[in-house]
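# Close look at the chain arrangement
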Amino acid sequence: MHVEQLHPWPSSVPEAEALQDRLRSRVELDGPSAFELIAGLDVHYRGDDALTAAVVVLDAGTLEPVEQVVAQGEAAFPYVPGLFAFRELPALVTALERLKTTPDLLVCDGYGLAHPRGFGLACHLGVLTGLPSLGVGKTPFVGTHEPPGDERGSWTPIVHEGATVGRALRTQRGVKPVYVSQGHRIALDVATEQVLRLAARYRLPEPIRHADHLARHP
DNA sequence: GCGACAG
DNA sequence: ATCTTGTCGC
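Residues numbered from 1 in each chain as written. Chains lettered and ligands numbered in written order. Predicted model: local features only at pLDDT ≥ 70, side-chain atom pairs only at ≥ 80, totals over all residues. Heavy atoms only, no water.

Glancing now at the protein's contact with DNA strand C. Taken together, His44, Tyr45, Lys138 and Arg216 make up the full set of residues near DNA strand C. In the environment of DNA strand C, a phosphate oxygen lies 2.4 Å from a nitrogen or oxygen atom belonging to the side chain of histidine 44. For the surface near DNA strand C, the per-class residue count stands at one nonpolar, one polar and two charged. (Near = heavy atom within 4 Å. Polar contact = N/O pair within 3.5 Å; in protein donor to acceptor, adjacent residues only side chain to side chain. Nonpolar A, V, L, I, M, F, W, Y, C, P; charged D, E, K, R; others polar.)

Take the UniProt feature "site: Interaction with target DNA" (unreviewed entry) in chain A next. Mapped onto the present numbering, the UniProt feature "site: Interaction with target DNA" (unreviewed entry) falls at Tyr79. In this fold, tyrosine 79 is placed in the loop between strand S3 (65–74) and helix H2 (85–97). A relative accessible area of 53% places tyrosine 79 in the exposed class. Sequence-distant contacts of tyrosine 79, defined by excluding residues within four places in its chain, comprise Phe84 and Arg87. (UniProt positions renumbered as here; feature names shortened; annotations may be inferred. Helix = DSSP H or I, 4+ residues; strand = E, 2+ residues; numbered from the N terminus. Buried < 20%, exposed > 50% of the residue type's maximum accessible area, 1.4 Å probe, protein only. Contact = heavy atoms within 4.5 Å.)

Moving on, we come to the pairing of strand S2 (residues 50–59). Within S2, eight of the 10 residues are buried, which leaves the element mostly enclosed by the surrounding structure. As paired strands, strand S1 (residues 37–45) and S2 are joined by nine bridges and run antiparallel to one another. Directly across from isoleucine 38, in S2, lies its bridge partner leucine 58. From the end of S1 to the start of S2, which pair antiparallel, there are four residues, and glycine 47 there has a positive phi angle of about 110°. Across nine bridges, the pairing between S2 and S3 is antiparallel. Each bridged residue has a counterpart across the sheet, and for threonine 52 the counterpart in S3 is glutamine 72. (Pairing = 2+ DSSP bridges.)

Read across the open sheet, the eight strands follow the order S3-S2-S1-S4-S5-S8-S7-S6; overall the sheet is mixed. The open sheet terminates on both sides in strands that have one partner only, identified here as S3 and strand S6 (155–160). The sheet shows a mean angle of 25° between the axes of neighbouring strands, direction not considered. As paired strands, strand S7 (residues 163–169) and strand S8 (residues 178–184) are joined by three bridges and run antiparallel to one another. (Axes fitted to C-alpha atoms, helices over the stretch in contact; angles between N-to-C directions.)

In this structure, leucine 214 sits in helix H5 (residues 206–216). The sequence separation of leucine 214 and aspartate 42 amounts to 172 residues, and the corresponding C-alpha distance is 8.7 Å. Among residues more than four places away in sequence, those in contact with leucine 214 are Ala54, Val55, Val56, Gln68, Val69 and Val70.

Below, the discussion takes up the side chain of glutamate 88. Note on placement: glutamate 88 falls in helix H2. There is a polar contact of 2.8 Å between the side chain of glutamate 88 and the side chain of tyrosine 45. If we skip the residues at most four places from it in the chain, glutamate 88 touches Val43, Tyr45 and Leu121.

Overall, the coordinates contain four aromatic pairs when judged by the stated rule. Centre to centre, the rings of tryptophan 9 and phenylalanine 86 are 5.4 Å apart; their planes meet at 70°, and the pair counts as edge-to-face. Highlighted residues: tryptophan 9 in the segment before helix H1 (13–23) and phenylalanine 86 in helix H2, separated in sequence by 77 residues. With a relative accessible area of 0%, phenylalanine 86 lands in the buried category. Residues phenylalanine 77 and phenylalanine 86 carry aromatic rings whose centres are separated by 5.5 Å and whose planes lie at 45° to one another, so their mutual orientation is tilted. When its relative accessible area of 8% is taken as the criterion, phenylalanine 77 is described as buried. By way of ring pairs, the aromatic residues Trp9, Phe77 and Phe86 are connected into one cluster. (Phe/Tyr/Trp six-rings, centres within 6.5 Å; stacked < 30°, edge-to-face > 60°.)

This is the structure we're talking about:
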């Protein structure tokens with residue numbers, strides 16, 4: 001599939017923040033509510049710089065994989081909370097470009113709107129591809145929230161600077177919640193519904209589990 | 001001002 | 001993210 005060019009690549013923290021501020025204006029917080037092909041994305045680190053990016057496309061109905069690609073790369077930026085996306089974007093974009101199929105939803109490992117400048121990895125990937133995207137975080141980042149109830153499917157809003165930026169969602173009874181936020185071209189209700197449906201058996205949604213496995217065992 | 005901070 | 005054993009539970 002086609003992905004928009006990354007350049008110019010930021011060479012400093014202020015440049016990276018400015019790029020996020022600029023691209024943020026392109027995020028759309030509403031879009032389709034049904035999807036045929038759903039991609040999971042993840043990266044596995046192998047040392048200081050080396051990393052493997054993996055993308056697995058699943059049939060939304062059967063949850064069977066229909067295509068999977070990997071790309072070897074290097075961390076393209078130092079790890080700075082809030083600028084995490086710049087580490088993994090080049091390798092993830094390379095992997096996406098190797099896809100023969102075009103998914104209609106990207107399920108990203110990390111945050112989208114629930115980010116210090118409202119532009120996490122999921123937003124960035126959504127804007128570059130033009131595809132609906134959402135982020136699934138495994139630990140809290142920005143904002144505050146109450147613990148969701150124990151039942152699968154219960155959730156509480158994540159509030160940051162007075163606005164709802166995501167949801168803490170219990171995908172399974174007896175496990176820690178995951179943190180869902182919008183990336184691009186998707187409503188929060190739809191993102192929540194998709195994550196819950198994709199996490200029918202485990203804490204994390206199936207597309208991310210597949211991508212994580214592939215990145216670790218290419 | 002200080003600490004905490006997605007992966 | 002990654003370095004790492006045993007242990008509890010289905």
